[in-house]
Amino acid sequence: MEIGQYPASSCSKEHQKIYQEWFALADADGDGRITGPDAIKFFGMSKLSRADLKQVWAIADTRRQGYLGFPEFITAMQLVSLAQAGNEITQDSLKRDDLVSLNPPVMEGLDALLAKSKHLVKRVDPEMDGYPQEQSHLTNKWFSSKSSKKIPLTAVTSVIDGLKKLYIEKLKPLEVTYKFNDFVFPLLTSSDFDAKPMVMLLGQYSTGKTTFIKHLLRTSYPGAHIGPEPTTDRFVVVMSGPDERTIPGNTIAVQADMPFSGLTTFGTAFLSKFECSQMRHPLLEHITFVDTPGVLSGEKQRTQRSYDFTGVTSWFAAKCDLILLLFDPHKLDVSDEFKRVIGSLRGHDDKIRVVLNKADQVDTQQLMRVYGALMWSLGKVLNTPEVSRVYIGSFNDKPVNESAVGPLGKELFEREQDDLLSDLKDIPKKACDRRINEFVKRARAAKIHAYIIGHLKKEMPTMMGKAKAQQRLIDNLPDEFAKVQREYHLPSGDFPYVEHFKEVLSGYSFDKFEKVKPKMIQAVDDMLGYDIPELLKNFRNPYE
């Protein structure tokens, strides 16, 4: 099964029309989502056991969003139909060839309910691409609203909605008060929560980053350039769109429905080297790729970049679900800039995968030496005791060069490619879990930031010698971090980079900082300790 493929495509048009009527009936509030309580009422008509329905929901809500959209609803109905016919329900049930001709399940009492609500159901022709749309745009108003009114709990119909509500009510006030957005990450927008999972490719020039994306898509994307010289001279986001086109960086950064507004902080020099490439493609419905310029090797070339390359990669790293570091057998040296780029990925070690590409350009004996040299180089850069997972292969459309690697090498490459593809296939499934993970990481970082700012404010004199005191605090910042750590019992690994923090601090007057507000900190602690676990409990499998 292809990445993220849904049985909406494995369902006849006739059955889609039937399922559309059913979906409209089950979706009581008309928001394009069937939540747990909706499902319990509707699926109960199938008369399946609770254990069967639990399995149906688990497979249909594969991304653990806490609700079913229309494609997932079709999946659920097909699984119910199979269960009623006495089949065992597993993930492999969706790979059956007879799904297209599979009749809708028997739902007791459904015809009577449909007859009652016939006048309410809006008929839409599936050929017109008229699937019931999820109304995520309703939550956009939460972010634009200037009033600080509480968001009603009834408006929350998914895990992501719940995170948006918690962010606006509990975390954002803390971030704004202590200027977290100036020091660490820009404030979040609705599109940051709704964005598709992203995969970023990093590596020195001509290691096959653009070719790798082309290989996965099985076609080129608009604006792709491939060659032995440094061809990709810009950051390119490859995403799903209605037609094939490229959109300039300045345009994409101001679009409210795109998660790239935070890039405006890097200025016009960067935005002129940033573009979005859109095309219709089934894979891009589920994953967005970020193609990056080749990392340069010379110090002179690095200083000629007109924008903060390391800062930009760090920004994308925080947004991405997977980061692929590409090497080829002839470019194993880790240049100064590449070392800085890998250093900027600190805190995202769980997302990094290393790919030794173009491995069929050397024979088996050389490949062993190359692999050893690569691990040695990485050991000096990735400061972790664990060994990184390295995928070896030749990720392009050409057949493997069997004359160089032999039949054993060919088999190895195919296995490695399958492993990497299964890693990519898991991304859409884990997207919701990853959002929660990043949200919790951000909340912890914001809390530590608030403690640091409050501490610096407290250390300032009330009357004389403010400028001297401020300079002393900046010069002794590592010691001040240690004081904060001891006072509030915080882990040292969660503190920000001293040098970067010093740089941003120098533009502020500490006297204007806010003191630590225990109520705000407590609100974030409550959110982490109670609200998020409660949210996950509310939107777990309704049959658990």
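Source: prediction; values computed, not measured.

The rules behind each value
Every chain is numbered on its own, with residues counted from 1 as its sequence reads. A pLDDT threshold of at least 70 governs which residues receive local features in this predicted model, and a stricter bar of 80 or more applies before side-chain atom pairs are shown or counted, although totals over entire chains, interfaces and linings include all residues. Here the side-chain values reflect all heavy atoms present in the structure, with hydrogen atoms and water set aside. In this analysis, strands are considered paired if DSSP registers two or more bridges between them. Numbered from the N terminus, helices here are DSSP runs of H or I no shorter than four residues, and strands are runs of E no shorter than two. Axes, fitted as lines to C-alpha atoms, cover a helix only where it is in contact. Angles between the N-to-C directions of the axes lie from 0 to 180 degrees. Note on aromatic pairs: the rings of Phe, Tyr and Trp (six-membered ring only in Trp) are paired at centre separations within 6.5 Å, and the planes decide the class, stacked below 30 degrees, edge-to-face beyond 60, tilted for the rest. Working definition: with a 1.4 Å probe on protein chains only, accessible area under 20% of the residue-type maximum means buried, over 50% means exposed, and in between means partly exposed. Working rule: Lys NZ or Arg CZ, within 6 Å of ring centre, within 35 degrees of ring normal, means a charge sits over the ring.

Teacher, can you tell me more about the sheet that holds strand β4 (residues 235-240) here?
To summarise the sheet geometry, strands pair through backbone hydrogen bonds and adopt either a parallel or an antiparallel arrangement. The strand order β5-β6-β4-β7-β3-β8-β9-β10 describes an open sheet built from eight strands, whose pairing is mixed. Only two strands of the sheet have a single partner each, and these edge strands are β5 (245-248) and β10 (390-392). Each adjacent strand pair in this sheet contributes to an overall mean axis angle of 25°, direction not counted. Where strand β8 (residues 322-327) meets strand β9 (residues 352-356), five bridges bridge the pair, whose relative direction is parallel. Looking at the pairing, L326 lines up with V355 of β9.

How do you make sense of the packing of aromatic side chains when you look at a structure like this?
In this description, a pair of aromatic rings is defined by centroid distance and the angle of the planes. For the structure on display, the rule yields 30 aromatic pairs. Look at F183 and F501: their rings are 4.8 Å apart centre to centre, the planes differ by 35°, and that puts the pair in the tilted class. Linking F183 in helix α8 (residues 180-183) with F501 in helix α20 (residues 498-505), this pair joins segments that are 318 residues apart in sequence. The pair formed by F183 and F501 is uniform in burial state, with each residue classed as buried. An angle of 40° between the planes, with centres 5.5 Å apart, marks the rings of F327 and F338 as tilted. Taken together, the residues span a long stretch of sequence, with F327 in strand β8 and F338 in helix α15 (residues 336-343) at a distance of 11 residues. Linked through ring pairs, F235, F260, F266, F270, F274, Y307, F309, W315 and F316 together constitute an aromatic cluster. R33 extends its terminal NZ or CZ atom over the ring of Y67, reaching a point 4.5 Å from the ring centre.

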